Amino acid sequence: METHEILSKLKEDKISIEETELLLRRQPFEEMGFAKLDTHRKIRSGFSEVIFCSGKTDEHLLQIFGKLYEEDGEVLGTRASKDQYDMIKKVYPETEYDEVSHILKIEKKDKKKIGKIVVCSAGTADISVAEEAAKTAEFFGSNVIRLYDVGVSGIHRLLSKLDIIQSANCVIAVAGMEGALAGVLGGLVNKPVIAVPTSIGYGANMKGLSALLTMINSCSNGIAVVNIDNGFGAGYIATQINRLGEGK
């Protein structure tokens with residue numbers, strides 16, 4: 001329960017002073033032995049804790065998922081497998097899973113979304129990472145427009161959508177190969193561009209290193225770069241920028 005909700009319930013006489021004191025005295029994390037869940041993160045940063053599912057045992061993932069869901073009424077997991085989804089869904093039937101982005105979630109249905117973020121992918125092979133960014137931003141309350149397969153090898157595809165791109169509070173550029181898309185976008189918009197290098201490409205792409213180097217060496221200004229294949233990080237930062245753009 002958030003601090004605002006606790007205080008509202010106290011004001012409305014739905015909970016007692018003693019109950020309020022007990023709730024506010026709770027540790028800023030939930031001790032589980034194998035994990036310490038940061039239950040106060042949303043109070044500090046405006047974003048609840050997210051589960052990185054890959055590598056977790058079924059038992060640990062299920063307990064973490066359940067605790068976060070109990071705490072906030074919704075929960076987001078990244079890099080989840082289909083097997084992990086099947087396991088979670090048996091206990092929480094409302095769980096949703098996207099096989100493209102590997103996002104696992106239970107989301108509040110009445111959530112209000114604000115602003116606009118545009119997510120561009122250079123190629124179709126980059127969509128998995130782009131979708132991780134888009135779905136992360138949507139989960140945290142942003143409106144997202146997707147423009148996929150608009151890479152520089154056919155730049156007219158990108159330019160045909162320029163009015164949409166320029167209307168956004170933030171643009172995410174997802175690209176593998178040489179990663180040129182971010183630099184092109186940086187020269188076309190007056191809003192921040194978050195560049196996401198992907199591991200898509202031939203041998204000299206070096207599993208995303210060439211795209212990463214291109215992006216951090218871009219002569220276009222206003223570009224910030226996240227780690228290789230880090231769609232989640234891009235969606236998170238884009239939401240922070242989007243909130244600022246909407247005065248939130």
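Note that the structure is a prediction, hence the values are computed from the model and not measured.

## Topic: the UniProt feature "domain: PurE" (unreviewed entry) in the chain
- In this numbering, the UniProt entry assigns the feature "domain: PurE" (unreviewed entry) to residues 115–247.
- For residues 115–247, helix accounts for 39% and strand for 20%, while the C-alpha atoms at its two ends are 10 Å apart.

## Regarding the pattern of salt bridges
- Counted by the stated rule, this structure contains 12 salt bridges.
- As a salt-bridge pair, Lys111 and Glu74 come within 3.0 Å of each other at their nearest N and O atoms. Here the residue Lys111 occupies a position in the loop between β6 (103–106) and β7 (114–121), and Glu74 occupies one in the loop between α4 (58–72) and β4 (75–78), the gap between them amounting to 37 residues.
- Ionic pairing is found between Asp86 and Lys82, a salt bridge with its closest N-O pair at 3.1 Å. Residue Asp86 and its partner Lys82 are both found in helix α5 (residues 82–91); the two are separated by four residues, about one turn of the helix.

## Here we look at the nonpolar core
- Core analysis: the biggest nonpolar cluster contains 18 residues, and Cys120, Ile165, Val171, Leu181 and Leu185 have the highest contact counts within it.
- Those elements giving two or more residues to this core turn out to be β7, β9 (170–175), α9 (181–186) and β10 (193–197).
- Not counting the four nearest positions on each side in its chain, Leu181 is found in contact with Cys120, Ser121, Ala122, Val150, Val152, Leu158, Ala173, Val174 and Ala175.
- Formed by 17 residues, the second largest nonpolar core is a distinct cluster that contains Cys53, Ala80, Met87 and Ile106.

## Comments concerning the packing of α4 against α5
- The geometry of α4 relative to α5 is characterised by a closest axis approach of 10 Å and an angle of 50° between their N-to-C directions. Considering the angle they form, α4 stands oblique to α5. Handedness of the α4/α5 crossing: right-handed. Of the residues in α5, those in contact with Asp58, Leu61, Leu62 and Phe65 of α4 are Gln84, Met87, Ile88 and Val91.
- Classifying every residue of the contact of α4 with α5 gives six nonpolar, one polar and one charged.

## Digging into the sheet that holds β10
- Reading across from one edge, β8-β7-β9-β10-β11 is the order of the five strands in this open sheet, with parallel pairing throughout. Both edges of this open sheet fall to β8 (142–147) and β11 (223–225), since each of them pairs with a single strand only. Geometrically, the sheet is characterised by an average inter-axis angle of 25° between neighbouring strands, direction not taken into account.
- Alignment of β7 against β9, held across five bridges, turns out to be parallel. In the strand pairing of β9, Cys120 is matched with Ala173.

## Some thoughts on the sheet that holds strand β5 (residues 96–98)
- Strand order across the open sheet formed by four strands is β3-β4-β6-β5, with mixed pairing between neighbours. Each end of this open sheet is capped by a strand with a single partner; those strands are β3 (51–52) and β5.
- Bridging between β4 and β6 involves three bridges; their strand directions are antiparallel. Bridging from a neighbouring strand, Leu76 pairs with Lys105 of β6.
- Those strands touched by helix α6 (residues 127–139) are β4, β5 and β6, and its axis lies near 15° from that of β6.

## Some remarks on the packing of aromatic side chains
- Scanning the model with the defined rule gives six aromatic pairs in all.
- When the centroid spacing of 5.7 Å and the interplanar angle of 45° are considered together, the rings of Phe65 and Tyr92 count as tilted. You can see Phe65 sitting in helix α4 and its partner Tyr92 sitting in the loop between α5 and β5, a full 27 residues away along the chain. In terms of burial, Phe65 and Tyr92 fall into one category: buried.
- Ring pairs connect the aromatic residues Phe139, Phe140, Phe232 and Tyr236, which therefore count as one cluster.
- A cation over a ring is seen here: Lys111 above Phe139, with NZ or CZ 4.1 Å from the ring centre.

The rules behind these values
- Residues numbered from 1 in each chain as written.
- Predicted model: local features only at pLDDT ≥ 70, side-chain atom pairs only at ≥ 80, totals over all residues.
- Heavy atoms only, no water.
- UniProt positions renumbered as here; feature names shortened; annotations may be inferred.
- Helix = DSSP H or I, 4+ residues; strand = E, 2+ residues; numbered from the N terminus.
- Salt bridge = Lys/Arg side-chain N within 4 Å of Asp/Glu carboxyl O.
- Core = buried A, V, L, I, M, F, W, Y, C linked by side-chain atoms within 4.5 Å.
- Buried < 20%, exposed > 50% of the residue type's maximum accessible area, 1.4 Å probe, protein only.
- Contact = heavy atoms within 4.5 Å.
- Axes fitted to C-alpha atoms, helices over the stretch in contact; angles between N-to-C directions.
- Parallel < 35°, antiparallel > 145°, perpendicular 65-115°, else oblique.
- Left-handed = near helix turned anticlockwise from the far one by under 90°.
- Nonpolar A, V, L, I, M, F, W, Y, C, P; charged D, E, K, R; others polar.
- Pairing = 2+ DSSP bridges.
- Phe/Tyr/Trp six-rings, centres within 6.5 Å; stacked < 30°, edge-to-face > 60°.
- Lys NZ or Arg CZ within 6 Å of the ring centre and 35° of its normal.

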